[in-house]
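# Tertiary structure, described
Next come the chains, spelled out residue by residue.
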2 protein chains.
Amino acid sequence: MSKPRLRLAIDMDEVIADACSAQRTWFRETFGYDWSDTELQGRHFRDLVTPDEFAAMETMLHQGDFFATLSVMPGAQEAISALCETCEVFITTAAMEYPASCAPKFAWLREHFPCISPLNIVFCGDKSILAADVMIDDNLRHFRRFQGQGILFTAPHNMSDIWNPRAGTWQDALTIVDEIDGKR
Amino acid sequence: MSKPRLRLAIDMDEVIADACSAQRTWFRETFGYDWSDTELQGRHFRDLVTPDEFAAMETMLHQGDFFATLSVMPGAQEAISALCETCEVFITTAAMEYPASCAPKFAWLREHFPCISPLNIVFCGDKSILAADVMIDDNLRHFRRFQGQGILFTAPHNMSDIWNPRAGTWQDALTIVDEIDGKR
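Residues numbered from 1 in each chain as written. Chains lettered and ligands numbered in written order. Predicted model: local features only at pLDDT ≥ 70, side-chain atom pairs only at ≥ 80, totals over all residues. Heavy atoms only, no water.

Put simply, the rule reads: UniProt positions are given in the numbering used here, feature names are shortened, and annotations may be inferred rather than shown by experiment.
Under an unreviewed UniProt entry, chain A has the name Putative 5'(3')-deoxyribonucleotidase and belongs to Gluconobacter kanchanaburiensis NBRC 103587. As stated in UniProt under Sequence similarities (unreviewed entry), the record for chain A gives "Belongs to the 5'(3')-deoxyribonucleotidase family."

Here it is, written out as structure tokens:
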């Protein structure tokens with residue numbers, strides 16, 4: 001009997017959807033911030049703006065429409081199409097901080113990742129509820145109670161975090177997934 | 001070291017939210033159906049109406065607002081309040097067939113089950129992605145690939161399904177969960 005297909009739990013923001021660039025643009029257009037890439041490394045937006053400005057961004061995110069406008073991360077579509085051929089791919093995104101994001105996130109996924117079945121989309125908060133072999137995420141905290149192998153997807157905010165394996169690109173992620181699958 | 005708290009994955013429709021009664025009322029008011037309890041046993045609405053009538057219900061469900069109006073299942077609030085004291089409780093509901101249901105379902109949960117953290121709410125499709133010790137659900141199919149123990153919550157449509165353990169009420173469910181927790 002062949003082994004069951006590898007089950008992947010893949011995050012959205014900063015992994016397949018470029019929320020960071022869109023937030024950066026929003027902060028520039030709304031409050032005039034013009035950070036360099038270096039200034040963003042290892043930092044979250046809340047460390048770079050006033051509490052009122054951060055609250056204004058939260059209000060904007062709570063409306064949900066922002067999530068419909070995000071660009072796809074480079075290489076994500078090709079990589080996920082390839083993964084769908086050999087693995088069970090779930091998109092597992094923390095949506096409960098902004099519940100109005102669910103419908104726009106769903107529509108965005110249907111538009112940009114039609115190979116993902118709607119039944120394999122998961123909106124959650126605490127990702128310790130997920131059962132998968134591999135999780136690809138930009139937030140280390142989701143790996144703490146995860147029973148599988150976490151792959152940290154590089155984002156500006158996590159540049160100083162120590163984790164192995166780390167994927168800087170979707171090509172890296174494919175290579176790491178392939179290695180994990182081969183060792184099962 | 002004490003054992004970790006039992007992790008529960010609890011469904012919404014027919015388990016904590018009475019979708020069946022509301023659909024029954026909708027079919028009565030819209031198409032004049034007046035089924036007895038016996039007529040509903042072991043059957044789904046799609047078996048009892050014409051394809052066009054079923055499609056009309058699907059259209060209504062796709063609008064999402066229906067899910068904001070559901071009654072709470074008897075005993076569910078007291079039981080879940082008690083479970084929240086001793087267990088990690090997640091609400092895990094299949095929402096991807098009706099993505100517009102996410103926001104009304106979220107609001108409904110915040111109103112009727114404020115003890116459930118928003119971070120413990122999961123909207124999904126294929127529930128094999130869930131990692132928990134116990135799943136309480138009215139659909140047997142979700143137990144097939146679940147790594148924990150399924151408890152079938154009795155609903156009209158599943159009366160003929162064979163599964164053990166089965167909970168006819170929330171009091172039953174509490175007793176079964178307590179037994180499972182005691183045996184760990």
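Additional details are given in the paragraphs that follow.
## Focus: the overall build of chain A
Rules: Working definition: helices are DSSP H or I runs of at least four residues, strands are E runs of at least two. Numbering for both runs from the N terminus. For a compact globule the rule gives 2.2 Å times the number of residues to the power 0.38, and the radius of gyration it is set against comes from C-alpha atoms. Think of it in three bands: with a 1.4 Å probe and only protein chains considered, a residue is buried below 20% of the maximum accessible area for its type, exposed above 50%, and partly exposed in between. The contact rule is simple, with two residues in contact once any of their heavy atoms fall within 4.5 Å. The Shrake-Rupley method, run with a 1.4 Å probe sphere, supplies the accessible areas, and residue values consider only the shown protein chains as cover. His is not counted, nor are the chain ends, whereas Lys and Arg count as positive and Asp and Glu as negative. A single reference atom marks each charge: NZ on Lys, CZ on Arg, CG on Asp, CD on Glu.
When you go through chain A residue by residue, the secondary structure sums to six helices and six strands. Scanning chain A from its N terminus toward the C terminus, one meets helices and strands in the order β-α-α-α-α-β-α-β-β-β-β-α. Computed over the C-alpha atoms, the radius of gyration of chain A is 17 Å, within 12% of the 16 Å expected from 2.2 N^0.38 for a compact globule of 184 residues. By its C-alpha atoms, chain A is 60 × 35 × 30 Å across when sized along the principal axes. Here chain A holds 184 residues, and 49% of them are scored as buried. A separation threshold of at least 6 residues defines the contact pool for chain A, and within that pool the share at least 24 residues apart is 62%. By element, 50% of the accessible surface of chain A is carried by carbon and sulfur atoms, the whole surface being about 8600 Å². Charge separation in chain A, taken as the distance between the mean sites of 16 positive and 27 negative side-chain charges, equals 7 Å.

## Some details on the pairing of strand β5 (residues 149-153) of chain A
Residues and elements named next belong to chain A. Rules: Strands are treated as partners if at least two bridges between them are detected by DSSP.
Most of β5 sits inside the fold, with four of its five residues counted as buried. Inspection of the sheet shows strand β4 (residues 134-137) paired to β5 by four bridges, in the parallel sense. Along β5, the bridge assignment pairs valine 134 with glutamine 149. Inspection of the sheet shows β5 paired to strand β6 (residues 166-167) by two bridges, in the parallel sense. Bridge pairing links leucine 152 to arginine 166 in β6.

## Quick notes on the relation of the copies chain B and chain A
For clarity, the threshold we go by: The atoms used to superpose the copies are C-alpha atoms, taken from residues with pLDDT of at least 70 in both, and the fit is least squares.
Superposing chain B onto chain A requires a rotation of 180 degrees together with a translation of 0.0 Å along the rotation axis, leaving an RMSD of 0.0 Å. Between the two chains, the operation in question is that of a two-fold axis.

## Topic: the nonpolar core
Spelled out, the test is: For the purposes of this section, nonpolar cores are sets of buried Ala, Val, Leu, Ile, Met, Phe, Trp, Tyr and Cys residues that join through side-chain atoms within 4.5 Å.
Counting residues in hydrophobic clusters, the biggest one holds 102 residues, and the most contacted among them are Ile10, Ile16 and Trp170 of chain A together with Ile10, Ile16 and Trp170 of chain B. Setting aside anything within four residues of it in sequence, one finds isoleucine 10 of chain A in contact with Val15, Ile16, Ile80, Leu83, Val89, Phe90, Ile91, Thr92, Ile136 and Trp170 of chain A.

## Section: the pattern of salt bridges
Defined as follows: Any carboxyl oxygen of Asp or Glu that lies within 4 Å of a side-chain nitrogen of Lys or Arg is treated as forming a salt bridge with it.
Evaluated as defined, the whole model comprises 18 salt bridges over all chains. In this structure, arginine 7 of chain A engages glutamate 88 of chain A in a salt bridge whose closest nitrogen and oxygen atoms are separated by 2.8 Å. Remark: glutamate 88 of chain A occurs in strand β2 (residues 88-94) and arginine 7 of chain A occurs in strand β1 (residues 7-10); sequence separation between them is 81 residues. Between aspartate 126 of chain A and arginine 145 of chain A there is a salt bridge, with the nearest N and O atoms lying 3.4 Å from each other. Taken together, the residues span a long stretch of sequence, with aspartate 126 of chain A in the loop between β3 (121-124) and β4 and arginine 145 of chain A in the loop between β4 and β5 at a distance of 19 residues. Residue aspartate 126 of chain A is classed as partly exposed on the basis of its relative accessible area, which comes to 22%. Its relative accessible area of 45% is what places arginine 145 of chain A among the partly exposed residues. Where salt bridges share partners, they join Arg7 and Glu88 of chain A together with Asp126 and Arg145 of chain B into one cluster.

## As for helix α4 (residues 76-86) of chain B
The α-helix winds at 3.6 residues per turn, so residues separated by three or four positions along the chain end up facing the same way. Residue and element names in this part refer to chain B. The condition is simple: Directions pointing from the helix axis toward each C-beta atom define the arc.
Looking only at α4, the buried set comprises Ala76, Ala79, Ile80 and Leu83. Here the buried residues of α4 occupy an arc of 90 degrees about the axis, which is enough to place them on one side. The outward face of α4, more than 90 degrees from its buried face, is lined by the exposed residues Glu78 and Glu85. In this structure, the buried side of α4 is in contact with β1 (7-10), β2 (88-94) and α6 (170-183).

## Thoughts on the pairing of β1 of chain B
All names here are of chain B. Covered by surrounding structure in β1 are Arg7 and Ala9 together with Leu8 and Ile10, the residues of both alternating faces. Relative to β2, β1 is paired through four bridges, and the arrangement is parallel. Residue pairing for β2: arginine 7 is matched across the bridge by glutamate 88. The sheet contact formed by β1 and strand β4 (residues 134-137) spans three bridges and is parallel. In the sheet register, alanine 9 faces β4, and the bridge partner there is methionine 135.

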